[in-house]
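# Observations on the three-dimensional arrangement
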Amino acid sequence: MLTPRDAVDWSGLTHAFGEADDIPDLIEQLLDADWADAVDDLFASLLDQGRVFPATVAAVPFLVDVALEESAPGRLGALQILAGIAEAVGFSGSSGLAGEEIAQRLLVLGADPDPEVRVAVYQVVGSHPGAFGMVRERLAAEEDAPARVELVRALFRSAGCENLLDLLLPDLLEHGRDEAVFAVAWAGLAAGTERPDVVDHLARLWPTQAKAYPVAGGGDPVGALAREAGIRAVPVLFRLADDSLAAVGDLAWAWHDLARSSRFAFEPALQALLALTARGEDAEDLLGALIPLLPVAGARRPEAAGRLWALRERVSKLPETQAAFAVALFVLQDPRWVAPALAATAAEQPPYVTVGGSSVEFSAALGEFGPGGLDLVEVGRTAIIAWPDTVDSWAGLLARQALSAESGRRVIEALLAEGSGIGAGAGVITSTAVMRLLARTASAPAAFDVATFQAVRALPVPGGETGAWLLVAQALLDEGDPAAFARAWRMGEMGDSADELLRVWAAHPSPELEEVCRELVARTSWGVFRSRAVQVVAMEVLADRGQAESVWPALLGLLEVPGAVLAEAIALGNRLVADRPDGPDRRPEWIAGLWKLAESNDFVTLLALEALQTLGGIAPEQALDRALTGVNAVAGTRRAAEAGPVAARVIRNALAERPDLQPWAQERLAPLIDGGERVVAPGEITTDTGLVRNLREACAG
């Protein structure tokens, strides 16, 4: 063979890591006994995450030479690299690789005595149209089962599905080539067929053939089939479950993956996952796969709760398992969630719960879905005492629900308990979340008895944001000393909750409040986006005190700051435009500013459109057109959760004025809401379902 060093100027070529002058040595190393390391290095350099490089194209002929060299120890490695390149980009003119020549040179290896070599050859040349005849002939002669499977896979990469099924299945069935029949059925389903006989073959042969079938990454075959065949895998999964041919955990995650990617798969997935609870196996995997579906279980919520409760009675009572049941029942808003949640607090450390493939700490898992209408206090109180290090996360969760005087009292008891982080002997208090919760509870002084009142008053005030919220709590208990709120603001004005502190101060104003707000409104340099929320609160405070004219220029300027416009700012602007009985007409310049925002085709567009509709500053057909464009632009992003309700309101308002535009709106939205593929990245079931529901309802009028 011609040495690669002499044939190519590698210094002028590049690969994934820069100059390719190391490639000749690596290719020549394939001819030596230590070839395995060279294969790894060549894969990394020539084929990085599916990308090829100028050096990749130059290396291919030399890799073919190595593969054809019978004495080369690394010939199999060379073929594996070629197979990787073929899978990534194919051997075609558009890729810069001479596919016809490569296929012709490697065809001779189809009769190589080493079955691993033959498998690798089929992977390389099977997808090239010129090799179809050879691959078809080899299928009849091939005696090695894994090689036959690879031949089938190669054929499906290069030819139409239905023709191949009719061409291959009769002969393979007649000769009892079960592994090849299984491969044909699998490849056919993945390629698009929905023939019942394909489902029958897969189910019949699953016990003997599934584990041996080559799956990318060596994963479980159930999940691999679901990923490759998508919604077409549904009848196979049902058969595997009905006949107990696959483990509950494998089936559960396959159904989960289908429901994440396909709207049409959601109902069968939910049905199948609930049915799997009857087997009483793999409870944590089953719950982890099921939990992301439960927020949109709809009318099946009671059934789901009943099945999960029955499953809980039959499986492990380990705290980790009980935590998973608690989260599932919590998502379903079933009050029975408290029993497994309290059982989970028996663990020495906070348990982690699997939710959709991610391992999440117990309180964080609850936080993803709650609190809804459920009472968190009993569980939160017990958890804080059981796991003092988690007091921050539980305090944040408790702060999200409405607290009565009684529930507030129980929260205070937990927060002040010895070992909770702020109780007796805790030392310096560092938890801002706890202090915010304490301040919120202090707004209802009836929750405090004499002992807890004195305990809170006696807490030492630390610096920064944490101390600011403790000052607020103490001031509220002392009937609202304005000077204390002013001091709290000065301590916490650089923190993440500065806007909330300013609102609290505004409710208990001291003389310097307006001066501070004027300084905030006039400020032009802001370090973080969060600070803009503080500026808007300052604008609201001054506007409420009759100083709208001093606020107005800064509010207009806020519309010009990329990424800084908040829903609260737009609402304030609309209010100031409407509340002008004796003042100047602010309407023209405000509407002009909103129109600029409406041209950005993102979430802010939708906010601006709704504001323009409120002011009568946009025609219904214009608002509808821009809303449809805007919602399509944000649908594939995480902002879809926020954008959906706003877009729906804009569409509903426009159609209320122009109902004749309804067919046009429905046609524009059809690709977004009628398709089977979820549009919200990365497959968020709840957000995608909510987006579709909001838009359907808006278009229905």
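Predicted model only: the values in this text are computed from it and were never measured.

Here the focus is the overall build of the protein. A count of helical and extended segments in the protein gives 39 helices and four strands. In terms of principal-axis extent, the alpha carbons of the protein reach across some 95 × 60 × 60 Å. Across the protein, contacts joining residues at least 24 apart in sequence account for 65% of those joining residues at least 6 apart. Separation of charge centres in the protein, based on 57 positive and 97 negative side chains, amounts to 7 Å.

Regions with low pLDDT should not have their predicted coordinates read in detail. A residue-level look at the protein finds 92% of positions with pLDDT of 70 or above and a mean pLDDT of 87. Across the protein, the secondary-structure element scoring lowest on mean pLDDT is helix α1 (residues 4-7), at 71, and the one scoring highest is helix α16 (residues 266-276), at 98. Contacts from residues 424-428, a stretch scored under 50 in pLDDT, to residues over four places away or in other chains number four contacts.

This brings us to the packing of aromatic side chains. In this description, a pair of aromatic rings is defined by centroid distance and the angle of the planes. This structure, assessed with the given rule, holds 11 aromatic pairs. Judged by centre distance (5.5 Å) and plane angle (50°), the ring pair of Trp-552 and Trp-590 falls under tilted. In this pair, Trp-552 sits in helix α32 (residues 548-558) while Trp-590 sits in helix α34 (residues 587-598), placing the two residues 38 residues apart along the sequence. Just as Trp-552 is buried, Trp-590 falls in that class too.

Another point: helix α17 (residues 283-290). Within α17, six of the eight residues are buried, which leaves it mostly tucked inside the rest of the structure. For α17, the full list of buried residues reads Ala-283, Leu-286, Leu-287, Gly-288, Ala-289 and Leu-290. Where α17 is buried, its residues meet α15 (248-261), α16, α18 (301-312), α19 (319-331) and β3 (352-355).

This part takes up the pattern of salt bridges. One pass over the structure, following the stated rule, counts 35 salt bridges. The salt bridge involving Glu-143 is made with Arg-177; its shortest N-O contact spans 3.9 Å. With Glu-143 in the loop between α8 (132-141) and α9 (145-158) and Arg-177 in the loop between α10 (161-174) and α11 (178-191), the pair connects residues that are 34 residues apart, well separated along the chain. The class for Glu-143 is exposed, based on a relative accessible area of 59%. Under the relative-accessibility criterion, Arg-177 is labelled partly exposed at 21%. Two residues, Arg-545 and Glu-514, come together in a salt bridge whose shortest N-O distance is 3.9 Å. Taken as a pair, Arg-545 in the loop between α31 (529-544) and α32 and Glu-514 in helix α30 (residues 513-522) lie far apart in primary sequence, 31 residues in all. Glu-514 gets classed as partly exposed once you look at its relative accessible area, which sits at 27%. Via salt bridges that share partners, Arg-118, Arg-138 and Glu-142 belong to a single interconnected network.

With that settled, the discussion passes to the pairing of strand β4 (residues 358-361). Regular strands have side chains that alternate between both faces of the sheet. Looking at chain direction, β3 and β4 are connected through four bridges and run antiparallel. By the bridge assignment, Tyr-352 is partnered in β4 with Glu-361. A loop of two residues connects β3 with β4, the two strands running antiparallel in sequence, and Gly-356 in this loop sits at a positive phi of about 60°.

Let us now look at the side chain of Ser-262. Among the secondary structure elements, Ser-262 is positioned in the loop between α15 and α16. Side-chain polar atoms of Ser-262 contact the backbone nitrogen of Ala-265, separated by 3.2 Å. In this structure Ser-262 touches Ile-231, Gly-676 and Arg-678, once residues within four positions along its chain are discounted.

Before going further, it helps to examine the environment of Thr-14. In this structure, Thr-14 sits in strand β1 (residues 14-15). In the structure, Thr-14 is positioned 39 residues away from Phe-53 in sequence and 6.5 Å away in space, judged by C-alpha atoms. Sequence-distant contacts of Thr-14, that is, excluding residues within four places in its chain, are made with Glu-19, Ala-20, Phe-53, Pro-54 and Ala-55.

Turning to unusual backbone geometry, a few remarks are in order. Look at Ser-244: it is not a glycine, yet its phi comes out positive at around 50°. Considering the arrangement of structural elements, one finds Ser-244 in the loop between α14 (234-242) and α15. Classification of Ser-244 by relative accessible area gives partly exposed; the value is 48%. Backbone geometry places Gln-333, a non-glycine residue, at a positive phi of 55°. Inspection of the secondary structure assignment puts Gln-333 in the loop between α19 and α20 (338-344).

Together, Asp-32, Asp-34, Asp-37, Asp-40 and Asp-41 line one region of the surface with negative charge. Here Asp-37 lies in helix α3 (residues 35-46).

Moving on, we come to helix α23 (residues 391-398). Buried within α23 we find Val-391, Trp-394, Ala-395, Leu-397 and Leu-398. All buried residues of α23 project into a common sector of 160° when viewed along the axis, lining one side.

With that out of the way, let us pick up the packing of helix α29 (residues 498-507) against α30. With their axes 11 Å apart at the nearest point, α29 and α30 run at an angle of 145° to one another. Considering how the two elements wind past one another, α29 and α30 form a crossing that is left-handed. Between α29, through Leu-502, Trp-505 and Ala-506, and α30, the contact on the second element is made entirely by Leu-513, Val-516, Cys-517 and Leu-520. Across the contact of α29 with α30, the residue classes tally to seven nonpolar, no polar and no charged.

Along the polypeptide, Thr-605 turns up in helix α35 (residues 603-615). With relative accessibility at 0%, the residue Thr-605 sits in the buried group. Distance from Thr-605 to Arg-457, taken between C-alpha atoms, is 48 Å for residues 148 residues apart in sequence.

Following the sequence through the fold, Thr-390 ends up in the loop between α22 (377-386) and α23. Since its relative accessible area comes to 10%, Thr-390 is described here as buried. There is a polar contact of 2.8 Å between the side chain of Thr-390 and the backbone oxygen of Trp-387. Contact partners of Thr-390, with chain neighbours within four places excluded, come to Pro-350, Glu-361 and Ala-383.

Before going further, it helps to spend a moment on the nonpolar core. Leu-79, Leu-106, Trp-337, Phe-362, Leu-502 and Ile-651 are the most contacted members of the largest nonpolar core, which has 251 residues in total. Setting aside anything within four residues of it in sequence, one finds Ile-651 in contact with Leu-624, Ala-627, Leu-628, Leu-669, Leu-695, Ala-698 and Cys-699.

With that out of the way, let us pick up the packing of α9 against α11. Contact pair α9 / α11: the axes reach a minimum separation of 9 Å and the direction vectors enclose 25°. When the axes of α9 and α11 are compared, the pair comes out roughly parallel. As α9 packs across α11, the resulting crossing turns out to be right-handed. Residues Ala-145, Arg-148, Val-149, Val-152 and Phe-156 of α9 form the contact with α11, whose own contacting residues are Glu-179, Ala-180, Ala-183, Val-184, Ala-187, Gly-188 and Ala-191. Classifying every residue of the contact of α9 with α11 by side-chain character gives nine nonpolar, one polar and two charged.

The rules behind the values
- Residues numbered from 1 in each chain as written.
- Predicted model: local features only at pLDDT ≥ 70, side-chain atom pairs only at ≥ 80, totals over all residues.
- Heavy atoms only, no water.
- Helix = DSSP H or I, 4+ residues; strand = E, 2+ residues; numbered from the N terminus.
- Contact = heavy atoms within 4.5 Å.
- Lys, Arg positive; Asp, Glu negative; His and termini not counted.
- Charge placed at Lys NZ, Arg CZ, Asp CG, Glu CD.
- pLDDT = per-residue confidence, 0-100.
- Phe/Tyr/Trp six-rings, centres within 6.5 Å; stacked < 30°, edge-to-face > 60°.
- Buried < 20%, exposed > 50% of the residue type's maximum accessible area, 1.4 Å probe, protein only.
- Salt bridge = Lys/Arg side-chain N within 4 Å of Asp/Glu carboxyl O.
- Pairing = 2+ DSSP bridges.
- Polar contact = N/O pair within 3.5 Å; in protein donor to acceptor, adjacent residues only side chain to side chain.
- Patch = residues over 30% accessible without salt bridge, like charges linked within 9 Å, V, L, I, M, F, W, Y side chains within 5 Å.
- Areas by Shrake-Rupley, 256 points an atom, 1.4 Å probe, with all protein chains shown as cover.
- Arc of directions from axis to C-beta.
- Axes fitted to C-alpha atoms, helices over the stretch in contact; angles between N-to-C directions.
- Left-handed = near helix turned anticlockwise from the far one by under 90°.
- Nonpolar A, V, L, I, M, F, W, Y, C, P; charged D, E, K, R; others polar.
- Core = buried A, V, L, I, M, F, W, Y, C linked by side-chain atoms within 4.5 Å.
- Parallel < 35°, antiparallel > 145°, perpendicular 65-115°, else oblique.

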